[in-house]
Amino acid sequence: MTDPFDDTDGRFLVLVDGENQRSLCPEFADVPAGWTTVYGPEERERCLEYVGLHRSGLRPRSLSDR
């Protein structure tokens, strides 16, 4: 069995949380509490491109606001 997060043929969602951190989630999985879909469903590579274009740094919002 392979990890669905590594499935290069799968479809994914890009999620963002209250700290403005992003994550990929397989399309079939439930969106975890506290996360919102901002892109997708789409191919994994397109989701990674989206994250690359919209990232705001590695620091969570609560730390970068200080």
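Residues numbered from 1 in each chain as written. Predicted model: local features only at pLDDT ≥ 70, side-chain atom pairs only at ≥ 80, totals over all residues. Heavy atoms only, no water.

Caption draft 1: Broad picture of the packing of aromatic side chains. Here the structure, examined in full by the defined rule, presents 1 aromatic pair. Seen from their ring centres, Tyr39 and Tyr50 are 4.5 Å apart, and the 10 degrees between their planes marks the pair as stacked. Taken together, the positions of Tyr39 in strand β3 (residues 35-43) and Tyr50 in helix α1 (residues 44-54) put the pair 11 residues apart, joining distant regions of the chain. (Phe/Tyr/Trp six-rings, centres within 6.5 Å; stacked < 30°, edge-to-face > 60°. Helix = DSSP H or I, 4+ residues; strand = E, 2+ residues; numbered from the N terminus.)

Caption draft 2: Spatial organisation of unusual backbone geometry. Residue Pro41 is bonded to the preceding Gly40 through a cis peptide linkage, with omega at 10 degrees. Look at Asn20: it is not a glycine, yet its phi comes out positive at around 65 degrees.

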